[in-house]
Amino acid sequence: MNWFSDEVLFYGGIALTACTLAAAAATVLVFKIRTRRLRARLTEEYGPKKKNGEK
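Residues numbered from 1 in each chain as written. Predicted model: local features only at pLDDT ≥ 70, side-chain atom pairs only at ≥ 80, totals over all residues. Heavy atoms only, no water.

**Student:** Help me out: how do you make sense of the overall build of the protein chain in this one?
**Tutor:** Helices and strands together make up the secondary structure of the protein chain, namely 1 helix and 0 strands. Within the protein chain, the proportion of its 55 residues that are buried is 0%. Accessible surface, the protein chain: about 5700 Å² in total, of which carbon and sulfur atoms supply 64%. (Helix = DSSP H or I, 4+ residues; strand = E, 2+ residues; numbered from the N terminus. Buried < 20%, exposed > 50% of the residue type's maximum accessible area, 1.4 Å probe, protein only. Areas by Shrake-Rupley, 256 points an atom, 1.4 Å probe, with all protein chains shown as cover.)

**Student:** How should I be thinking about the packing of aromatic side chains in this particular structure?
**Tutor:** Any pair of aromatic rings gets described here by the distance separating the centres and the angle formed by the planes. On inspection of all chains with the given rule, the structure shows 1 aromatic pair. Seen in terms of ring centroids, Phe10 and Tyr11 are 5.0 Å apart; in terms of plane orientation they differ by 70°. Their pairing is edge-to-face. Residue classification places Phe10 among the exposed positions, given a relative accessible area of 51%. (Phe/Tyr/Trp six-rings, centres within 6.5 Å; stacked < 30°, edge-to-face > 60°.)

**Student:** Which parts of the structure should I look at to understand a nonpolar patch on the surface?
**Tutor:** A cluster of nonpolar residues, Phe10, Tyr11 and Ile14, forms a patch on the protein surface that exposes about 340 Å² of accessible area. In this fold, Tyr11 is placed in helix α1 (residues 2-46). (Patch = residues over 30% accessible without salt bridge, like charges linked within 9 Å, V, L, I, M, F, W, Y side chains within 5 Å. Salt bridge = Lys/Arg side-chain N within 4 Å of Asp/Glu carboxyl O.)

Now the structure itself:
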């Protein structure tokens with residue numbers, strides 16, 4: 001019975017890690033899409049971003 005609980009913990013840890021990595025990848029993707037949309041909206045409303053030192 002001891003080997004069963006060891007395997008469950010091992011494969012459960014692998015599964016949990018895989019789920020965490022998938023969630024992190026999805027979060028990064030969502031933030032990139034939202035950032036792109038926000039930058040487009042700000043450019044539309046306020047014009048292109050100026051470089052440092054420009055007025």
